[in-house]
Number of protein chains: 2
Amino acid sequence: MQLLTNISTLYTCKDEGSQGDLHPIENAAIAWQDGVIQWVGPESGLPGEFAGTEVFNAGGRMVVPGLVDCHTHLAFGGWRPDEFEMRVQGRSYLDIAKSGGGILSTVKATRQASENELYKKASDLLDKITGSGTTTIECKSGYGLSLKDEIKTLRVYRRLADAKPVNVVSTFLGAHTIPPEFKSKREEYIHLIMDDMIPRVGEEKLAAFCDIFVEESAFTADEARRILERGKQYGLRPKIHADQLTSCGGAELAAEVGAISADHLERISDEGIRAMAEAGVIGVTLPLASLYTQEPFLDCRKLVDAGVGVAVATDFNPGSAPSYDLTLAMMLACNLGRLTPAQALKGATLYGAKAIGLDDRAGSIEPGKSADFLVVDAPSINFWMYHYVPDREIEVFVGGRM
Amino acid sequence: MQLLTNISTLYTCKDEGSQGDLHPIENAAIAWQDGVIQWVGPESGLPGEFAGTEVFNAGGRMVVPGLVDCHTHLAFGGWRPDEFEMRVQGRSYLDIAKSGGGILSTVKATRQASENELYKKASDLLDKITGSGTTTIECKSGYGLSLKDEIKTLRVYRRLADAKPVNVVSTFLGAHTIPPEFKSKREEYIHLIMDDMIPRVGEEKLAAFCDIFVEESAFTADEARRILERGKQYGLRPKIHADQLTSCGGAELAAEVGAISADHLERISDEGIRAMAEAGVIGVTLPLASLYTQEPFLDCRKLVDAGVGVAVATDFNPGSAPSYDLTLAMMLACNLGRLTPAQALKGATLYGAKAIGLDDRAGSIEPGKSADFLVVDAPSINFWMYHYVPDREIEVFVGGRM
C-alpha cells in the first residue's frame, strides 16, 4: 500500500453533478496498491490499516487527476513547420494541400518511415507528453491510408501501450482523407477500408474506435454511416471529426450512429447540439486546432449549458495542432471557449476519459481507478489556468509511480 | 575572452532590411569579453587571437538573441485568479472593476505590500522569466498611484536592475487610472502626477519613460499631452497604452508627441498606422492581453506592411495578461496577428529593444552589444514557433554568463 498525504485540496473530478463540480476534499490523502486507488478522503479520516506504508508528501500542494488527452495523432513521419509560415501569410489549408502540403505530405513521410522509426519518434514525444501531465492518451492512425501503413501505425500504438506506464488507447482513422492513388477511385478506397482494413484491425484488436473525417473535402455523411457501421461489426465504437470547416451535419450523425464522441465542432448547428445532448455524445473541443488554423473557436459553454459533456484535448498532429500542451488547450478553452477553469479541468480529465470509454479506470481520483494524479504547484484551479506559465512544477504519478 | 561555438545557425537579428530579415550565419561562433560581444561570424573565420579561451559548445543547435520583453507590469501585490473565471463567464472588465475588482484591487494590494515584499515577489518572478529566455525587460509602475507607492514600485525595479544579470528598464505609469480617493477630483490627481510624481521620478532617475493609459475609462488625449510633455521636461520619453478598448486616437497622439512606442493598438485606425510609420513610433503588440480580455487581436501584418516596426511583448500583469511566456506571445502573434515566425522573433528581440531605447546594447547579436543569447533546441525558427511546447530546452546566456 502506498500513500500520498499533505494535500491542500484534492479535486476528485468524480462523475457527479455538473461539469464544473470538481468535488474537492480539503487536507486529503490517497491510498493505492498495485497502481489502483484503494481509498480517498480527508487525511484525518485515513483508516488505521494504511499506517506504515510507503508515504509520498504532496508538500501542501493541490492534487488533480492525471490529464486525459482524448484526441491525438501521435505517430507520424516528418513535420510541417513551413506550412505554418504559409498559413499565417494567408495561404489556405486547401491551397497548401493542393501544392503538395497538408495531410498528404505527412502521409508520404509516414509511409516512408519504418515501424521502428515511427515508434522511436512517438515514444520520445510520449515521454514528454507524460512529463507535462497527461497520463491517458488516445492515438489515431490515419497517416498511413494503406492496409500496411495503417496497421504499422496501430502496431506502434500497441507497442507504446505495452511499454509505457501511461494508458494508450488506439483509434483507426483510415477514413482521414482519400489517398492520392485513389483520387479518381473513391469508392475503391472506401471498399479497402471496409473490406480489408476494418476486418484486420478488428481481428488483431488493434483499435478500440473507428473515426472518420466528415467534411466536404473528406467523407460524406452517407460514406461515414457505411464505414462506421462496418466498424461496429468488428467491435470498433464510432467517433467523428465533425463540423470543423463546414457545418455538415457531423454532430447529428454522431448522435444517429451512437458515436462515443464528436470532435472539433467549430461549426456545429443548434440541432446538432440538441441531438448530441439527447444521445449522450461527448463533444471534444480542440482549441489548439482552431488557433493554428485561424478558424473560429467552439463556444463550449453553449454545449455545456445544453447538457453536452465537453472534453478538452490537444488534437496533437504535425499540421493543424503541432502542440501537445494540454494545459494550454485548457487555458484556451477558458479564454476562447468560455469554459470556467473547473469545467476545463473536468473536460481534460473525466470527460476526456468518457470520450474514450475509459472512465471506469481514468479521469477521476476514486477507489478502483488507476492511481494517476498530478501534484500541481498552484494555490487553486483558477490560479493554475489563469497564471499560465511554461515552467509550472507538476509531479506526475502514473499507475501509482512518480 | 569567451566563446560559443558549434552553432548550426546564428540568427543575428541585426537592424538591416525588413522585419522578417534575421540575417542568419551558418556554422557560427560568438566571442565576448566582460559581457560584451567582440566578434560574430562563421566559426571557420574565427580570428586566431580568440584561441585558447573559455569555450561553450552550442551542440549544433541554433542561437538567437536573448528575448526582450518591452512591456510588463512586473511588481504588484496579490493576484486576481477569480476575475479570470468571472470574465470567461461573461462579466465585463468594467463590470468587474465596478464591483471592486480590476486594476484597483491590485492597487490596494500593492499599496499594502512593503517594498521588500514587492521586491521578493518580483525577484522570484524575474528569475523564472529569465529562465524562459527573456534577458531584457521593461517594468512599469502604475499600481501605486500615490507618490509614496509609485516611488516604492520604481525602487523595486532599481534594486532588481542592480541585483540581477538581466537588463531592467523602468517606466513611470502614474497615469494608469484615477485612484479611488481622487475619483471626484480628477484634475487634482493630474496635478499630483505633474507637480509631485514626475519631478521626483525625474530627479531620482527612477524611470526612463513616462507612460499613460489613453482610453475613455482612463485619460483623455489632452490630459496625456500635458502629462507626457511634463515627463519630457524631466527626461522621461513618452510611451502610450493606445487604442486598446476603443479607437481614440492614441496612435496619432503617439506620433504627435514623439512617443518611442504605442502599445496594444487592437483598435488602431488607418490614419494612426500612417502617423506611426511616418514618425517612426514602434507598435507593441500584446497578444496575451487580447487573449485574456477576449478582445480582437491586432493585425500586426498590416502595421508591418505599412512600415511600422512591431515589437511583441507579454504585458505580464495580474489582471489582463497573467502570463510571462514571451514564446507563447510570439506564437500567438503568428497565429492571430499574422506575423511570420521570423517577424515575431525580430519583434521580441530587436524591435522590443527599440521600443525601450536599448537597441544600442540589446536585441541583436553584434559586436558591442551585451552577450545575451539563447541556445534553442529546435531545427529552425519556423519549427520553434510552430511546435510550441512547454518544455522546450533553452540555454540562456545573459551578460555572457549561462
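Here is what the cut-offs are and how they apply
- Residues numbered from 1 in each chain as written.
- Chains lettered and ligands numbered in written order.
- Predicted model: local features only at pLDDT ≥ 70, side-chain atom pairs only at ≥ 80, totals over all residues.
- Heavy atoms only, no water.
- Pairing = 2+ DSSP bridges.
- Helix = DSSP H or I, 4+ residues; strand = E, 2+ residues; numbered from the N terminus.
- Axes fitted to C-alpha atoms, helices over the stretch in contact; angles between N-to-C directions.
- Buried < 20%, exposed > 50% of the residue type's maximum accessible area, 1.4 Å probe, protein only.
- Contact = heavy atoms within 4.5 Å.
- Domains from an automatic or database assignment.
- Buried area = accessible area lost by both parts, 1.4 Å probe.
- Salt bridge = Lys/Arg side-chain N within 4 Å of Asp/Glu carboxyl O.
- Polar contact = N/O pair within 3.5 Å; in protein donor to acceptor, adjacent residues only side chain to side chain.
- Core = buried A, V, L, I, M, F, W, Y, C linked by side-chain atoms within 4.5 Å.
- Least-squares fit on C-alpha atoms with pLDDT ≥ 70 in both.

(A) Just the sheet that holds strand S7 (residues 134–140) of chain B, in detail. All names here are of chain B. Taken together, the 8 strands give an open sheet; going across it, the order is S6-S7-S8-S9-S10-S11-S12-S13, and neighbouring strands pair in parallel fashion. Single-partner strands in this sheet number two, and they are strand S6 (67–69) and strand S13 (310–312). Taking each pair of neighbouring strands and ignoring which way they run, the sheet shows an average axis angle of 25°. Looking at chain direction, strand S8 (residues 167–175) and strand S9 (residues 209–213) are connected through 3 bridges and run parallel. Residue pairing across strands places Ala-175 opposite Ile-212, the latter belonging to S9.

(B) The side chain of A:Glu223, seen in detail. Residue and element names in this part refer to chain A. In this fold, Glu-223 is placed in helix H7 (residues 221–233). Its relative accessible area of 9% is what places Glu-223 among the buried residues. Excluding residues that lie within four positions of it along the chain, Glu-223 makes contacts with Arg-186, Ile-190, Ile-212 and Ala-218.

(C) Representation of the domain arrangement of chain A within the structure. Residue and element names in this part refer to chain A. Taken domain by domain, chain A holds domain 1 (2–65 + 364–397) and domain 2 (67–354). For domain 1 and domain 2, the distance between their C-alpha centroids amounts to 30 Å. Taken residue by residue, the interface counts 24 residues in domain 1 and 27 residues in domain 2. Per-residue buried area on domain 1 facing domain 2 is highest for Gln-19, Met-385 and Tyr-388; these three make up 39% of the total on that side. Taken together, the connections running from domain 1 to domain 2 amount to 1 salt bridge. The shortest N-O distance in the salt bridge between Lys-354 and Asp-15 comes to 2.7 Å. The tally of links from domain 1 across to domain 2 stands at 9 residue pairs in polar contact (both at pLDDT 80 or more). Looking at the side of domain 1 that touches domain 2, the elements that each hand over two or more residues are strand S5 (62–65), helix H15 (381–386) and strand S15 (394–397). A total of 4 residues in the side of domain 1 that touches domain 2 trace back to one element, the largest contributor, which is H15.

(D) Local environment of the nonpolar core. Grouped together as the largest cluster of nonpolar side chains are 253 residues, with contacts concentrated most on A:Leu74, A:Trp384, B:Leu74 and B:Trp384. Aside from chain neighbours lying at most four places away, what touches B:Trp384 is B:Met62, B:Val64, B:Leu67, B:Thr327, B:Met330, B:Leu345, B:Val376, B:Ala378, B:Arg392 and B:Ile394.

(E) View of the sheet that holds strand S7 (residues 134–140) of chain A. Residue and element names in this part refer to chain A. In spatial order, the strands read S6-S7-S8-S9-S10-S11-S12-S13; together these 8 strands make up an open sheet with parallel pairing. This sheet does not close on itself; its edge strands, each paired only once, are strand S6 (67–69) and strand S13 (310–312). Across the sheet, the mean angle from the axis of one strand to that of its neighbour is 25°, orientation sign disregarded. Bridge analysis of strand S12 (residues 282–285) against S13 gives 3 bridges, and the strand direction is parallel.

(F) Structural detail: the relation of the copies chain B and chain A. Of the two same-sequence chains, chain B is brought onto chain A (RMSD 0.0 Å, axial shift 0.0 Å) by a rotation of 180°. The transformation relating the two chain copies, once decomposed into turn and shift, fits a two-fold axis. Minimal C-alpha separation from the rotation axis in chain B is found for B:Pro390, amounting to 2.3 Å. Both copies share a contact surface, since 100% of the interface residues of chain B are interface residues in chain A too.

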